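This is what each chain is made of:
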Amino acid sequence: RRHLREETFSRERRRPRSRSFPLEFTLPMATANASAAMAARPAVDALRRKAPRASNARVGAVRVVARAIAAPEAPAVTKRVFTFGDGQADGDASMKTLLGGKGANLAEMNRIGLSVPAGFTVTTETCAAFHENNGELPAGCWDEMLEGLAFVEKCMGKKLGDASDPLLLSVRSGAAVSMPGMMDTVLNLGLNDDVAEGLAAKAGEKFAFDSYRRFLDMYGDVVMGIEHHLFEHQIDSLKKEVGVAQDNELTAEHLRELVKRYKKVYEAEGKMFPQEPLEQMRLAANAVFDSWNSDRAKKYMAINQITGLKGTAVNIQAMVFGNMGETSGTGVCFTRNPSTGENLLYGEYLVNAQGEDVVAGIRTPEDILTMKTALPQAYEDLVRNTQLLEKHYKDMQDIEFTVQEGKLYMLQTRSGKRTGAGAVKIAVDLVEDGMIDRQRAVQIVEPTHVDQLLHPQFKDESAYAADVIGVGLPASPGAAVGQVVFDTETAEELNSQGKKCILVRVETSPEDVGGMNAAEGILTARGGMTSHAAVVARGWGKTCVSGCSELVVDEENRWLSLGGVKLHEGDWLSLNGTTGEVIRGQVELAPPAISGDLDKFMTWVDEFRRLKVLANADTPEDAKTARDNGAEGIGLVRTEHMFFGTGERIMAVRRMIMAADTATREAALTDLLPYQREDFEGIFRAMDGCPVTIRLL
């Protein structure tokens, strides 16, 4: 509210203007607001006494100068919903802390003109407030979400819940730091009995009821807390009854029957599927916020030392459909090979499928390069968009896309997870291509990436050829040797005992994150190069072979069968993540060497680092390895470590320790002296010109 106070011109000039401004207006006395007229009357009377009577048509009007006094400032309103669509967006790529990586990049892709379905992002701050408010949305948030929905409906020309031409939504998570698969997603939101029938009339019965059964499954699992395997049991049973092997072989009639069976799963679990689309949206958003505190998300953050985040954002976006027939599809791709760093489009797609089919590893997809033949125009658009995104972000991008009836839509972009070898090559190539400078290259390669390149590889790959029992997809490179385990609990138990293991699964899920971290490597029967197992394994530098289709896994009875060989839990297995080979037994490993791109990259690191690098080395061999790897001296030679191992050295040390008299002890020391002299000479030669600090016994 503003109050008017009469002022003179001179006083107005002298008055500070920081919280006020002059108002100049005309009050026609016959029509002026009564309260305003009464407030202005003293000034009007004074002016009339001094001025001659007007002789024109504006008699009775008066010019008043007044000052507006600002009312006390209202508390700032927190904006919780940011929209994007039709080439405009409230946010941008710089707002990852507030909008999460996915929300910020969706906004940015809109801004640079890519084809992105309209949507809105509910902020990470809202997630924090949701948990502080005992699982309730903060005041005003739902109204903002409804306004965001109205924006999406306007952009897409459809309405949520309209059976004649329905808008369907996806509800996805998105924290400031990428956490693939750790939080929840709901697709096809807005479907109910009426909408499914309307969609069937508009887009085909098979498409409509395939979408509906997917929604019932995902909504039941994510929002209603119904175990996913209960739905899997129903679809597997139906496929056996009708004699088909793949989901997409089910007819429209079969899918209608499957929807009925899925509803009975709800009833058996004492749950009620909500038919009201707005209630579906509210509960789905709450479920995504809840997934921020899930065990798998907490474990992933602990493993990756992710701290200080407020929560996840919720991204609610108009659905586009990859399951509308042979001219539609969905996929995930990287602008460069995340395993090797090669500058070649890398990824996978499925025709007539939705996104979860690819990333969950439910079906083994096709190589992205074959899309050039299957969906040529969409592939051409995809290549152009990936080049634009990499140039815009100046880094390798991980992209999700959908093709609906031949038209490409971009659903997500983010900085791609990569192996150590991939990270170093990508950084070096981006510098040599003039896209980034050396300082930026050093920043985008993580310390763990360099550490991965210092891990052992197989000593001689030809030596194990006779023991190869199968080949899968080389999802994450490296060499892994361990004992076979079939679940997370066993993997973590062996790891706690200092034992190495290989986690074997039909397909991994986010709940397996602890076991994947504990294992040396991961082997799966299903899933592709962009499946959950592959993406997480690459990010951690874990060896992974996925999509080994001939692999038979009996998790209940603890055995696997591959290539005519049956292995039980505890048997030894080796994986070559670079070739995809699965090898029976323990294959010998060899230490790596620094060369090529890594050697070049580390010289760039030397340009910017301010600390010297000293090694812990206790033998001539260790000293030489340290020097070869760039160490500038030895910070500590632990003399007692010179005698570790077996043979005469350790025996002489034991005689010295256990000696009963001085003469026996001196004799043992005399035996030790040549070993020590020889070691120190070797250490000093290896470190010629560099400092060496020795701890004496």
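Placed above this text is the structure.
Here's what I pulled together on the structure shown here.

Cut-offs used in this document
- Residues numbered from 1 in each chain as written.
- Predicted model: local features only at pLDDT ≥ 70, side-chain atom pairs only at ≥ 80, totals over all residues.
- Heavy atoms only, no water.
- Helix = DSSP H or I, 4+ residues; strand = E, 2+ residues; numbered from the N terminus.
- Buried < 20%, exposed > 50% of the residue type's maximum accessible area, 1.4 Å probe, protein only.
- Contact = heavy atoms within 4.5 Å.
- 1 Å grid on protein atoms, 1.4 Å probe; cavity = no way out; pocket = protein on both sides within 12 Å on 5 of 7 lines; lining within 4 Å.
- Points joined across faces, edges and corners; volume = space filled by probe spheres on them.
- Nonpolar A, V, L, I, M, F, W, Y, C, P; charged D, E, K, R; others polar.
- Pairing = 2+ DSSP bridges.
- Axes fitted to C-alpha atoms, helices over the stretch in contact; angles between N-to-C directions.
- Parallel < 35°, antiparallel > 145°, perpendicular 65-115°, else oblique.
- Left-handed = near helix turned anticlockwise from the far one by under 90°.
- Core = buried A, V, L, I, M, F, W, Y, C linked by side-chain atoms within 4.5 Å.
- Salt bridge = Lys/Arg side-chain N within 4 Å of Asp/Glu carboxyl O.
- Phe/Tyr/Trp six-rings, centres within 6.5 Å; stacked < 30°, edge-to-face > 60°.
- Lys NZ or Arg CZ within 6 Å of the ring centre and 35° of its normal.

Some words on the overall build of the chain
Broken down by element type, the chain carries 24 helices and 32 strands. Within the chain, the fraction of its 697 residues that count as buried is 49%. Taking all contacts inside the chain whose residues are at least 6 apart in sequence as the whole, residues at least 24 apart take part in 65%.

A closer look at empty space enclosed by the protein
Taken as a whole, this structure holds two cavities of 30 Å³ or more when the rule is applied. Computed from the structure, the largest cavity encloses a volume of approximately 100 Å³. If you go around the largest cavity, you meet 14 residues; those closest to its centre are Arg172, Met319, Val320, Thr402 and Leu411. In terms of residue class, the lining of the largest cavity is made up of six nonpolar, seven polar and one charged.

Some thoughts on the sheet that holds strand β9 (residues 169–174)
The six strands are arranged β5-β4-β6-β11-β9-β10 in an open sheet whose pairing can be described as antiparallel. A single partner strand is all that each edge strand has here, and the edge strands are β5 (88–89) and β10 (185–189). In this fold helix α10 (residues 277–291) packs onto β6 (119–122), β9, β10 and β11 (313–318), with an angle of close to 15° to the strand it touches most, β9.

Comments concerning the pairing of strand β13 (residues 346–351)
Along β13, six of the six residues are buried, which leaves the element largely enclosed by surrounding structure. Where burial is concerned, the two faces of β13 agree: the one with Tyr346, Glu348 and Leu350 and the one with Gly347, Tyr349 and Val351 are both buried. As paired strands, strand β12 (residues 329–334) and β13 are joined by six bridges and run antiparallel to one another. The partner of Cys333 across the bridge, within β13, is Gly347. Here β13 pairs with strand β14 (residues 366–367) via two bridges, running antiparallel. Looking across to β14, one finds that Tyr349 is bridged to Glu366.

Some thoughts on the packing of helix α15 (residues 420–432) against helix α21 (residues 596–608)
Interaxial distance between α15 and α21 falls to 9 Å at its minimum, and their mutual angle equals 65°. For the element pair α15 / α21, the angle class is roughly perpendicular. The element α15 and its partner α21 pack so that their crossing is left-handed. Two secondary-structure elements touch here, α15 through Val424, Lys425, Ala427, Val428, Val431 and Glu432 and α21 through Asp597, Leu598, Lys600, Phe601 and Trp604. Grouping the amino acids of the contact of α15 with α21 by side-chain chemistry returns seven nonpolar, no polar and four charged.

What about the environment of Trp604?
Residue placement: Trp604 occurs in helix α21. Of the residues examined, Trp604 reaches a relative accessible area of 4% and is grouped as buried. Distance in space between the C-alpha atoms of Trp604 and Val442 is 7.2 Å, their sequence separation being 162 residues. When neighbours within four sequence positions are excluded, Trp604 is seen to be in contact with Ala427, Val428, Val431, Arg438, Ala441 and Val442.

Some remarks on the pairing of strand β20 (residues 479–485)
Burial analysis of β20 places seven of its seven residues in the buried class, which makes it a mostly covered element. As paired elements, β20 and strand β27 (residues 572–576) share five bridges and run antiparallel to each other. Across the sheet, the residue bridging to Ala479 is Asn576, located in β27. Bridge count for β20 against strand β21 (residues 501–505) is three bridges, and the pairing is parallel. Within the sheet, the bridge partner assigned to Val485 lies in β21 and is Leu503.

Notes on the nonpolar core
Grouped together as the largest cluster of nonpolar side chains are 87 residues, with contacts concentrated most on Phe120, Met145, Met179, Val186, Leu189 and Tyr219. Sorting elements by how many residues they give to this core places helix α7 (residues 205–222) first, with nine residues. Aside from chain neighbours lying at most four places away, what touches Phe120 is Val81, Phe82, Thr83, Phe84, Met145, Gly148, Leu149, Val152, Met281, Val314, Asn315 and Ile316. Within the second largest apolar cluster, 24 residues are counted, among which are Cys333, Leu345, Val351 and Tyr379.

Here we look at the layout of surface pockets
When its volume is computed, the second largest pocket comes out at roughly 520 Å³. Every residue lining the second largest pocket is counted, 22 residues in all, and those nearest its centre are Met602, Val613, Asn629, Gly630 and Ala631. At the level of secondary structure, the elements contributing two or more residues to the lining of the second largest pocket comprise α17 (447–453), α21, β30 (615–616) and α22 (620–628). Of all the elements, α21 adds the most residues to the lining of the second largest pocket, at five residues. A breakdown of the residues in the lining of the second largest pocket according to their chemical character gives 11 nonpolar, five polar and six charged.

Things to note about the pattern of salt bridges
Per the stated rule, a full pass over the model turns up 38 salt bridges. Here Arg438 ties to Glu607 by a salt bridge, and the two come within 2.6 Å at their closest N and O atoms. Linking Arg438 in helix α16 (residues 438–444) with Glu607 in helix α21, this pair joins segments that are 169 residues apart in sequence. Across the pair Asp628 and Lys624 runs a salt bridge whose closest N-O atoms are separated by 3.0 Å.

A short note on the packing of aromatic side chains
In the structure shown here, the tally under the stated rule is 13 aromatic pairs. Ring geometry for Phe231 versus Tyr262: centroids 5.0 Å apart, planes at 75°, classification edge-to-face. Of the two residues, Phe231 sits in helix α8 (residues 228–242) while Tyr262 sits in helix α9 (residues 252–268), which places them 31 residues apart along the sequence. Classification of Phe231 by relative accessible area gives buried; the value is 0%. Ring centres of Phe680 and Phe684 lie 5.9 Å apart, and the angle between their planes is 20°; on these two criteria the pair is classed as stacked. Placement of both Phe680 and Phe684 in helix α24 (residues 662–686) is noted, with a separation of four residues, approximately one turn of the helix. Note on Phe680: relative accessible area 15%, which makes it buried. Ring pairing ties together the aromatic residues Phe209, Tyr212, Phe215, Tyr219, Phe231, Tyr262, Tyr266 and Phe273, which thus form one cluster. The residue whose ring lies beneath Lys79 is Phe82, and the NZ or CZ to ring-centre distance is 5.0 Å. Between Lys407 and the ring centre of Tyr409, over which it is positioned, the NZ or CZ distance is 5.3 Å.

Purely geometric numbers; function is a separate question.
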